[in-house]
Amino acid sequence: MSSSDIFIGETIGTAILILLGGGVCAAVTLKASKARNAGWLAITFGWGFAVLTAVYTSAPLSGAHLNPAVTLALAIKDNVWDNVATYWGGQMLGAMIGATLVWVAYYGQFQAHLTDKEIVGGPGAQATATKAVEAQEKGAGPVLGVFSTGPEIRNAVQNLATEILGTTVLVLAVLTQGLNDNGNGLGILGALITALVVVGIGLSLGGPTGYAINPARDLGPRIVHALLPLPNKGGSDWSYAWVPVVGPLIGAAIAAGIYKVAFA
């Protein structure tokens with residue numbers, strides 16, 4: 001795979017991942033969406049299908065890492081670091097493009113949601129109105145959860161541990177079951193296995209933090225949230241932003257170490 005193929009494949013694949021994954025979060029969260037309040041099952045399966053679609057689309061070009069944690073683990077496994085920066089660059093760009101496309105697809109819903117007094121407060125708001133969960137978090141605006149993750153209980157040690165554990169499970173599954181014949185990305189059957197693992201992680205370990213398990217998936221859309229002209233959007237919760245970046249990278253390194261000791 002050439003560097004240009006890797007960059008293009010990761011950009012396209014990660015954009016699709018975030019468009020569909022962020023899209024299900026928008027569908028469940030935003031007012032005037034037909035899927036509003038569809039719940040956690042919709043989100044977890046939506047992200048699983050997002051992974052499946054993105055992997056099958058980008059695998060022929062780049063091997064479909066779509067996650068800096070997966071790229072790091074493969075680099076540690078093979079001790080090959082030549083294309084890590086190219087993978088990471090494509091993943092970050094793709095994540096930002098995907099998040100922007102979510103905003104385009106749900107533009108009217110974002111406008112309606114963020115000008116609703118029951119959501120953002122202000123004169124005329126009902127005293128008993130229920131705000132979005134994200135708005136209850138210090139520094140997080142009412143639609144930040146469409147773009148990036150946030151903890152239900154803000155405890156840095158626990159939140160970091162949750163992201164480490166979830167990513168370790170994901171990356172171990174990729175390394176043991178998901179790789180193609182060349183060992184440099186996801187294979188045809190591996191894409192399905194990985195998508196189901198992502199659903200399982202969401203159902204079992206996603207409750208505390210929203211299971212980023214992917215630094216680009218969280219950081220790229222968080223940057224887009226900070227830049228988009230969303231009315232009353234509130235903060236991007238930068239004080240938490242390091243957790244879904246550092247946690248998955250640590251989890252990837254742990255998984256790669258376990259793989260080299262136990263499976264290689």
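The structure displayed is predicted, hence computed values, not measured ones.

About the criteria used
- Starting from 1, residues in each chain are numbered consecutively following that chain's sequence as written.
- This being a predicted model, a pLDDT of at least 70 is required before a residue's local features are given, and a value of 80 or more before pairs of side-chain atoms are given or counted; all residues contribute to the totals for chains, interfaces and linings.
- As a convention, hydrogens and water are excluded, and side-chain values are obtained from all of the structure's heavy atoms.
- Helix numbers and strand numbers start at the N terminus; a helix is a DSSP run of H or I with at least 4 residues, a strand a run of E with at least 2.
- The globule rule used here is 2.2 Å times the number of residues to the 0.38 power, and the radius of gyration it is set against is calculated over C-alpha atoms.
- Under the scheme applied here, a residue whose accessible area is under 20% of the maximum for its type counts as buried, over 50% as exposed, and between as partly exposed, the area being computed with a 1.4 Å probe on protein chains only.
- Note on contacts: a residue pair qualifies if any of its non-hydrogen atoms lie within 4.5 Å across the two residues.
- Only the protein chains shown count as cover for residues, and the accessible areas themselves come from Shrake-Rupley with a 1.4 Å probe.
- Positive charge is attributed to Lys and Arg, negative charge to Asp and Glu, and no charge count is given to His or to the chain ends.
- Taken as the charge centre is NZ of Lys, CZ of Arg, CG of Asp or CD of Glu, depending on the residue.
- All axes are obtained by fitting lines to C-alpha atoms, using only the stretch in contact for helices, and the reported angles, taken between N-to-C directions, cover 0 to 180 degrees.
- For classification purposes, angles smaller than 35 degrees are called roughly parallel, those larger than 145 roughly antiparallel, those between 65 and 115 roughly perpendicular, and all remaining angles oblique.
- Handedness of each helix crossing follows the sense of rotation of the near helix against the far helix: counterclockwise by less than a right angle gives left-handed, clockwise gives right-handed.
- For this scheme, ten residues count as nonpolar: Ala, Val, Leu, Ile, Met, Phe, Trp, Tyr, Cys and Pro. Four count as charged, namely Asp, Glu, Lys and Arg, and the remainder, Gly too, count as polar.
- What is meant by a nonpolar core is a set of buried Ala, Val, Leu, Ile, Met, Phe, Trp, Tyr and Cys residues, joined one to another through side-chain atoms within 4.5 Å.
- Think of a 1 Å grid over just the protein atoms. A cavity is a set of points where a 1.4 Å probe fits yet cannot get out, a pocket is an open set with protein on both sides within 12 Å along at least five of seven lines, and lining residues have an atom within 4 Å of a point.
- Grid points are joined across faces, edges and corners, and a volume is the space filled by probe spheres set on the points.

Caption draft 1: The arrangement of the overall build of the protein in detail. Tallying secondary structure elements over the protein gives 11 helices and zero strands in all. For the protein, the succession of helices and strands along the chain, N to C, is α-α-α-α-α-α-α-α-α-α-α. Computed over the C-alpha atoms, the radius of gyration of the protein is 18 Å, within 12% of the 18 Å expected from 2.2 N^0.38 for a compact globule of 264 residues. Projected onto the principal axes, the alpha-carbon positions of the protein cover approximately 65 × 35 × 30 Å. Expressed as a percentage of the 264 residues in the protein, the buried residues total 53%. Taking as baseline every contact in the protein between residues at least 6 positions apart, the subset at least 24 positions apart corresponds to 76%. For the protein, the exposed area adds up to about 11200 Å²; of that, 65% sits on carbon and sulfur atoms. Between the averaged position of the 12 positive side-chain charges in the protein and that of its 13 negative side-chain charges there is a distance of 10 Å.

Caption draft 2: Summary view of the packing of helix α3 (residues 68-78) against helix α8 (residues 156-178). The contact between α3 and α8 brings their axes to 10 Å, and the two run at 55°. Between α3 and α8, the crossing angle belongs to the class labelled oblique. Relative to α8, α3 is oriented so that their crossing is right-handed. Residues Ala 69, Val 70, Ala 73, Leu 74 and Lys 77 of α3 pack against Thr 167, Val 171, Val 174 and Leu 175 of α8. For the contact of α3 with α8, the residue count by class is seven nonpolar, one polar and one charged.

Caption draft 3: Layout of the nonpolar core. Counting residues in hydrophobic clusters, the biggest one holds 55 residues, and the most contacted among them are Leu 17, Trp 47, Phe 110, Val 143, Phe 147 and Leu 230. In terms of residue count, the dominant contributor to this core is helix α1 (residues 3-29) (eight residues).

Caption draft 4: Fine view of the layout of surface pockets. There is about 230 Å³ of room inside the second largest pocket. If you trace the second largest pocket, you find 15 residues lining it, with His 65, Val 80, Asn 83, Tyr 87 and Asn 184 closest to the centre. Counting residues per element, the ones that place at least two in the lining of the second largest pocket are α3 and α4 (84-105). At four residues, α3 tops the list of elements feeding residues into the lining of the second largest pocket. For the lining of the second largest pocket, the class distribution of residues is eight nonpolar, five polar and two charged.

Caption draft 5: Structural context of unusual backbone geometry. Here the phi dihedral of Tyr 211 falls at roughly 45°; this positive angle occurs in a residue that is not glycine. Structurally, the position occupied by Tyr 211 is in the loop between α9 (188-205) and α10 (215-227).

Caption draft 6: Layout of empty space enclosed by the protein. Summed over all chains, the structure comprises one cavity of 30 Å³ or more. The volume enclosed by the largest cavity comes to roughly 30 Å³. As for the largest cavity, its lining consists of Ile 18, Gly 22, Trp 47, Ala 99, Val 102, Val 146, Phe 147, Arg 217 and Pro 221. Those elements that place two or more of their residues in the lining of the largest cavity are α1, α4, α7 (144-147) and α10. In the lining of the largest cavity, the residues fall into seven nonpolar, one polar and one charged.

Everything listed here is a matter of coordinates, which is why it stays silent on function.
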